[in-house]
There are 12 protein chains.
Amino acid sequence: MATITGPLSGDAKNTVAEALQGALVDLIDLSLVAKQAHWNLIGTHFRSIHLQLDEVVALARTHMDTIAERAVALGVNPDGRAATIARTSDIQQPESGWIEDGKVLATITDVLDGISKRMYERIRATEEADPVSQDLLIAVAQEIDKQHWMFQAQR
Amino acid sequence: MATITGPLSGDAKNTVAEALQGALVDLIDLSLVAKQAHWNLIGTHFRSIHLQLDEVVALARTHMDTIAERAVALGVNPDGRAATIARTSDIQQPESGWIEDGKVLATITDVLDGISKRMYERIRATEEADPVSQDLLIAVAQEIDKQHWMFQAQR
Amino acid sequence: MATITGPLSGDAKNTVAEALQGALVDLIDLSLVAKQAHWNLIGTHFRSIHLQLDEVVALARTHMDTIAERAVALGVNPDGRAATIARTSDIQQPESGWIEDGKVLATITDVLDGISKRMYERIRATEEADPVSQDLLIAVAQEIDKQHWMFQAQR
Amino acid sequence: MATITGPLSGDAKNTVAEALQGALVDLIDLSLVAKQAHWNLIGTHFRSIHLQLDEVVALARTHMDTIAERAVALGVNPDGRAATIARTSDIQQPESGWIEDGKVLATITDVLDGISKRMYERIRATEEADPVSQDLLIAVAQEIDKQHWMFQAQR
Amino acid sequence: MATITGPLSGDAKNTVAEALQGALVDLIDLSLVAKQAHWNLIGTHFRSIHLQLDEVVALARTHMDTIAERAVALGVNPDGRAATIARTSDIQQPESGWIEDGKVLATITDVLDGISKRMYERIRATEEADPVSQDLLIAVAQEIDKQHWMFQAQR
Amino acid sequence: MATITGPLSGDAKNTVAEALQGALVDLIDLSLVAKQAHWNLIGTHFRSIHLQLDEVVALARTHMDTIAERAVALGVNPDGRAATIARTSDIQQPESGWIEDGKVLATITDVLDGISKRMYERIRATEEADPVSQDLLIAVAQEIDKQHWMFQAQR
Amino acid sequence: MATITGPLSGDAKNTVAEALQGALVDLIDLSLVAKQAHWNLIGTHFRSIHLQLDEVVALARTHMDTIAERAVALGVNPDGRAATIARTSDIQQPESGWIEDGKVLATITDVLDGISKRMYERIRATEEADPVSQDLLIAVAQEIDKQHWMFQAQR
Amino acid sequence: MATITGPLSGDAKNTVAEALQGALVDLIDLSLVAKQAHWNLIGTHFRSIHLQLDEVVALARTHMDTIAERAVALGVNPDGRAATIARTSDIQQPESGWIEDGKVLATITDVLDGISKRMYERIRATEEADPVSQDLLIAVAQEIDKQHWMFQAQR
Amino acid sequence: MATITGPLSGDAKNTVAEALQGALVDLIDLSLVAKQAHWNLIGTHFRSIHLQLDEVVALARTHMDTIAERAVALGVNPDGRAATIARTSDIQQPESGWIEDGKVLATITDVLDGISKRMYERIRATEEADPVSQDLLIAVAQEIDKQHWMFQAQR
Amino acid sequence: MATITGPLSGDAKNTVAEALQGALVDLIDLSLVAKQAHWNLIGTHFRSIHLQLDEVVALARTHMDTIAERAVALGVNPDGRAATIARTSDIQQPESGWIEDGKVLATITDVLDGISKRMYERIRATEEADPVSQDLLIAVAQEIDKQHWMFQAQR
Amino acid sequence: MATITGPLSGDAKNTVAEALQGALVDLIDLSLVAKQAHWNLIGTHFRSIHLQLDEVVALARTHMDTIAERAVALGVNPDGRAATIARTSDIQQPESGWIEDGKVLATITDVLDGISKRMYERIRATEEADPVSQDLLIAVAQEIDKQHWMFQAQR
Amino acid sequence: MATITGPLSGDAKNTVAEALQGALVDLIDLSLVAKQAHWNLIGTHFRSIHLQLDEVVALARTHMDTIAERAVALGVNPDGRAATIARTSDIQQPESGWIEDGKVLATITDVLDGISKRMYERIRATEEADPVSQDLLIAVAQEIDKQHWMFQAQR
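Residues numbered from 1 in each chain as written. Chains lettered and ligands numbered in written order. Predicted model: local features only at pLDDT ≥ 70, side-chain atom pairs only at ≥ 80, totals over all residues. Heavy atoms only, no water.

Caption draft 1: Region of the structure containing the packing of helix α2 (residues 46-73) of chain F against helix α4 (residues 101-126) of chain F. Residue and element names in this part refer to chain F. For the pair α2 and α4, the least separation of the axes is 10 Å and the interaxial angle reads 30 degrees. By the angle between their directions, the pair α2 and α4 is classed as roughly parallel. For α2 against α4, the interelement crossing comes out left-handed. Contacts from F46, I49 and L53 in α2 reach D101, V104, L105 and I108 in α4. (Axes fitted to C-alpha atoms, helices over the stretch in contact; angles between N-to-C directions. Helix = DSSP H or I, 4+ residues; strand = E, 2+ residues; numbered from the N terminus. Parallel < 35°, antiparallel > 145°, perpendicular 65-115°, else oblique. Left-handed = near helix turned anticlockwise from the far one by under 90°. Contact = heavy atoms within 4.5 Å.)

Structure, rendered in structure tokens:
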């Protein structure tokens, strides 16, 4: 079977592989958690938050593809299966059932805060090893921070 | 906290709730498994299958929203969290790492075959209880069957 | 003068004619009531509800055409004149003047609840007589139920 | 409850309010009558007239929104409920049932002729009181006159 | 050679196969007959009918693909070759040469009437065997009936 | 250096020049104030108001161009430099830092109220001198009044 | 033969008829003269002027239709035949053959200046008789003046 | 002043210049005559013919540009001024005032017949001299013939 | 009944009529054969060939309309009925049932090869009689040859 | 009142806040200065420069939003009010009145040169503190430099 | 290895192969030379010429594909490698470094003049051998001549 | 003659100039080599690779413009002439004539591998000198690596 080789090897490759896999898990789980809230949301601000959560889902889906395809281009296998997400995600899960709008704002603000912090660690970790991967992570962080602000602003 | 009431109640509501939650899990997991294959695929038919898997992802994402929003409209809470998917999905998971194109075709054919079978059970189960939910499940089945044919055809 | 003949006759035709005329009156009046609220709405949630009411108007206008044209295709004359709507509509009318947002949410929720109930009766009534008309009514019910959920969710 | 204040008050406001409410009733009833004819039309010129009636519906719907929103912007409540239309409209109603194409052309020509005449009265009435409302009524009259010509031309 | 398997087998599969092949022949032949009339039409209503016939062609082409691909998804081979159409179509063929507009309206009305009748038989025949195929046939019947009305209306 | 000559001269030109320059300053400053609020807004209605403020910015940008280009077409130099805006604008400026949503609604309502009043003076002032400029100012007033209503409605 | 009747009669109708026919001749001849220059232009500023002349053609073609259709809506026959244009146009004709860019700028500036002057006369003439026609002429004058400025500005 | 030189010279250039100028006059006058009929048309087939005449206008405008720009590319000055059209056009002019639909069909059929005949002469005349110009004329003839058929077909 | 007359007569007309009718039969049958293969295809190259066959169908449908409408414009009746295609087509028909991808490539290559040869004969045959028809046939031949190359290239 | 917290604090936050506020002032003032020149421009190169200045306005408006929203996402209040721009901008202001094209090219070249220099200082200043903000400033600098070249190139 | 066979053979094929390869080299080199000038251009007419050169690049890229794919369809291998272009192109190369606008106009006019002359030779050469290839070359010549005119016109 | 000055000078400018010119040559030659393979490709995977090669051409064309325009913005002359590409490109050239699909995959993989390696050297080389140019090169490298993976994956 053919193997994919990319521009990195050794420690650099391992460092970047870890950062990209971590970002992938964050983004896939963000898409699932945001959909969960999008559906089970309830409260007087329903419509605004319902729509904004779909913008979060859209950004998570766009970037998960970019991140995973960067991994493959480096010869690293991304793992986005449900069990992997469930086992390795650092995102605090919402409870099942209806979620009131204030609760959603607090939860998603926390989720985005955590993802942002981890993205900055990944940005620092990949700076030496791979400026191309770092650039993709910077783009993710910018959009995560923007959503983080918007969810804070409407609490 | 407000509660959502819809046109069903009692057994009918329970029957439909179960069918929709089952369909939701199938569709979310299908989107994850198809992306996993989309990224880790390798082999001479790479490009055709890579593109077709993204059509499967698109159909899964479109229908998961319709199905989940039907559940909410009935006053039923959909659950699409990673742990729920990992624990309750009936889809046979692909192994991690590179997957050769022949293997992908076989795997996705099996996955779609299983989903199709379960969708027909749900179509039968909801016929009496809720023709509106049944109509949505029929639409899912039609597209699943079409992809099932196409993956079989290129083995 | 030419007459239009369609695939039905006798009791089946009468049953379906009644169901379609009823649905038509509901949809036309829904479009008028939702516009009335869209214009006279007032309150802190003005913008969200103002926009969502226009989605209700759009769905009512789309489906009133489908339903009326199905009637004509069966050789049945739809009647959508103002006097007919005013006289035969079962929709509780809003008072004139400004309507506060909480009142709008309650009113529209009730209106949609009533329409949904009547649509399910029509779905049952047409099942034997005409599966094509039933299919159109199922599509109406699905969108009415979805709006019904969303208006409930933001009370 | 908040009240909406606009740039007018006293007699000017009353004059404009009356003109806008009159225009609103004309436009909503025009949209209903044109749809009624669109559906129940029969005759060798069916297709041309069927399509042109939908252009009339589209213009009526576009302008009813502009007119009603101008009223609200002036602090005046528009009233577009079915009973109000049925009671206060000056438009001669078509009979129920099939309408032959020649009859439709004659009826709609008369309807548009009456609306045009009333619009010119409103244009004169609002000239002093509110040039902004007048400008919107001028735009309505221009399109009504154009349709009036086209329906005359094909008799 | 690989074979395609779908969700049906035995009698159910045979019943549905027959219904879908019949619908396919009707739709392909409708597209050919409507084009024939579109080209050879003559008369004062030329333009309206010329354009409307292309709407019929468009609907026939869209649905022939849906129907044929449903057949394949069930493991059934659709047959749309010219000889098959010529031999098995139940559609009364127009004569060669110029066709006057009144003749075209009568002919196409008859053609659509026949197709409608056969579609309702297929809808009944597939109800038990395959609700997914039935749903596709219902969608075809709705559009055929609508065109049937429009061609009748302008006679 | 070439000079631009237009259809006006003398007093008429001076009157119109003053009206257009005044409208230009109002519109440019409105675009800046609305962006300031769009960015520094905070509160539970963040999303609705954040989006609506960008509609205000868009209308201000569109009309500032129309107004300034009308001035140039008359041979009058529009002045839209920051110092001119800062020195001559009649718009009450928001304070720096975060602005709560209720405060934003009140501020923007006042800003739009003042602009509306000044636009009506300009409409009256230009009636004799230049019906073309008056027509552009009427169009501005209509959209300002509409936004004025919407900001009032959600207080 | 049917005749078209509109909202005007007597002197008012004659006044407006004359204004609209004059505007129509100006606009048709402007479209021909601008195309003539668009094709025969030569000089270092070829590309800018070549493109801008097509904007003039586009505006002339759009407004000639609006003006002519207003005439018809009033029951007045517009006359846009070549001989009528050649005989009644007040536009100074360019010579045949190549035209240098400076000459084109001077010529088109003069042409637009003349049209603008005549449009203002028509705006004054129609104010009493028909505010709807006046409004259309105001829209023409605004765009003519804008092009007049732009051609002057680049001399 | 610069002169434009192209690939032709001598007799070939003269032959082609004459053919292109002739085609230009035909196309400009066709656009004027078709608009004249589009506006002054009256009769029961008003809408179909009104719309089709605008298709003729569109084709005439598109091709007049192609033909004139081919002339310029050959160093030949096209002449599209009103007086040139009025003096040199071979197209029989319609009378002023209302034109009944049957008359329009007969007139436009004749106009298109004449243009077609002249285009074939130009196609023959340019075959040796310039296959590029001939190719453009062939494209014109094809669309003229198609419109010629359609106007004949609805007489 | 009206008759359509075009620019040709006598032998020229007969020659072109024969060429166009032949091309029409080829193009209609190509669209049917390509759809047949599009549906019944099987094999590892399924997706590429399935998609490319739809490009062939699209080109056949586009050109059959151009060719048939050229015939009508010449006063010649095109005949595209199923029986005519079945009886007069020179295209070798595929067998019923599944067709393996290699077989499809070989079959379609042969079909396109035959059509290309016949198109070149028609191009030669029409050169004298009608350069306009020849130009349309040249356009067909170019696209047929391009598809012919692409099907050969992937064998 | 809620406060917005982002990923930075202390000196890093202050450094980035200063850089972003500086960039915001540059971009808002660039949009005003470029519009001023866009309107008051005169000279033979009017059209090219008039259009290019609007591209500068568009880029300034796009980036001012990105920069201000990054500031807010960091919990920093952007200040874009007219008085702030007038007081703190480093951009040399154009004089009022007509500006000849050569003068505009020189002025805008200088303005862009100054902005570019300041952007590079901000890029260096933010490198350590916040790679995300730095990335946005790099994107601004790239487009400023490109416009700087283009204005230089046409002097 | 498969070989591609097309409709030509022997001398005809050789003649056409030479013409198409020559056209391909001209078009690829034109795209490179025009880009070189697009980038290194300087002078007061920078913007107009910069934009127009990209239109030349676009036309060269579109036609190089058509020409090369025609060659392949004939079984002839196109050669578009850099060394082939550098060695066989007849286009006079621009010097490196900045190129003033007057120089660019002269250079590109010459380049287009040469290409036009060679295209006419190829049109003549392929007339007998292959009318399809000739038709593609005629389309190239028409656009080259048009650009040739435009570059001449602005010298 | 004007000279272009940008933000860099001395060694920094030289370093960046060399990196950008190297990237430009790589991208132009990539576009030529990928087109060569796009045209001369043969083999069972023809369609997939034919389409993917055009994606490579598109990316090469987009980035060559960005890179060359960055050079100009720095006051550096890009050189993209055929002779420069032929003499200085490091890309291994494909042989003339048909190229089998496996050979194409191997060749393009190697070409992309070489370009990727050189881009990383340029990213390192420009880090200090110019972060803006570096950012553009990072964007190129990311897309080259992605295509490199995809070509490897299907070998």
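Now that the structure is up, let's keep going.
Caption draft 2: Molecular detail of the packing of aromatic side chains. Considering all chains together, one arrives at twelve aromatic pairs over all chains under this definition. Considering the side-chain rings of F46 of chain C and W149 of chain F, the 5.8 Å spacing of their centres and the 75 degrees angle between planes classify their relative orientation as edge-to-face. Remark: W149 of chain F occurs in helix α5 (residues 131-153) and F46 of chain C occurs in helix α2 (residues 46-73); the pair is interchain, linking two chains. Grouping residues by exposure puts F46 of chain C and W149 of chain F together as buried. (Phe/Tyr/Trp six-rings, centres within 6.5 Å; stacked < 30°, edge-to-face > 60°. Buried < 20%, exposed > 50% of the residue type's maximum accessible area, 1.4 Å probe, protein only.)

Caption draft 3: Inspection of the interface of chain I and chain E at higher detail. On the chain E side, the residues contacting the 37 residues of chain I number 38 residues. Note on chain I versus chain E: buried area summed over both sides is about 3300 Å², and carbon and sulfur give 62% of it. Between K35 of chain E and D65 of chain I there is a salt bridge, and its shortest N-O distance comes to 2.5 Å. Linking chain I with chain E are 14 residue pairs in polar contact (both at pLDDT 80 or more). Counting residues per element, the ones that place at least two in the side of chain I that touches chain E are α1 (10-40), α2 (46-73) and α3 (82-88) of chain I. Top contributing element to the side of chain I that touches chain E by residue count: α1 of chain I, with nine residues. Looking at side-chain class alone, the side of chain I that touches chain E contains 18 nonpolar, ten polar and nine charged residues. (Buried area = accessible area lost by both parts, 1.4 Å probe. Salt bridge = Lys/Arg side-chain N within 4 Å of Asp/Glu carboxyl O. Polar contact = N/O pair within 3.5 Å; in protein donor to acceptor, adjacent residues only side chain to side chain. Nonpolar A, V, L, I, M, F, W, Y, C, P; charged D, E, K, R; others polar.)

Caption draft 4: Spotlight on the relation of the copies chain I and chain E. Overlaying chain I on chain E yields an RMSD of 0.0 Å, the required transformation being a rotation through 180 degrees with an accompanying axial translation of 0.0 Å. Given the turn and translation reported, the copies of this chain are related as if by a two-fold rotation axis. Nearest to the rotation axis, the C-alpha of A82 of chain I is located 2.9 Å from it, this being the minimum over chain I. A high fraction, 100%, of the interface residues of chain I reappear at the interface in chain E, so the copies pair face to face through one surface. (Least-squares fit on C-alpha atoms with pLDDT ≥ 70 in both.)

Caption draft 5: Geometry of the side chain of Q36 of chain B. In this structure, Q36 of chain B sits in helix α1 (residues 10-40). Classification of Q36 of chain B as buried rests on a relative accessible area of 0%. Within the structure, the side chain of Q36 of chain B is placed 2.7 Å from the backbone nitrogen of G80 of chain A, a separation counted as a polar contact. The contact partners of Q36 of chain B, leaving out residues within four places of it in the chain, are P78, D79, G80 and R81 of chain A together with P94 of chain B.

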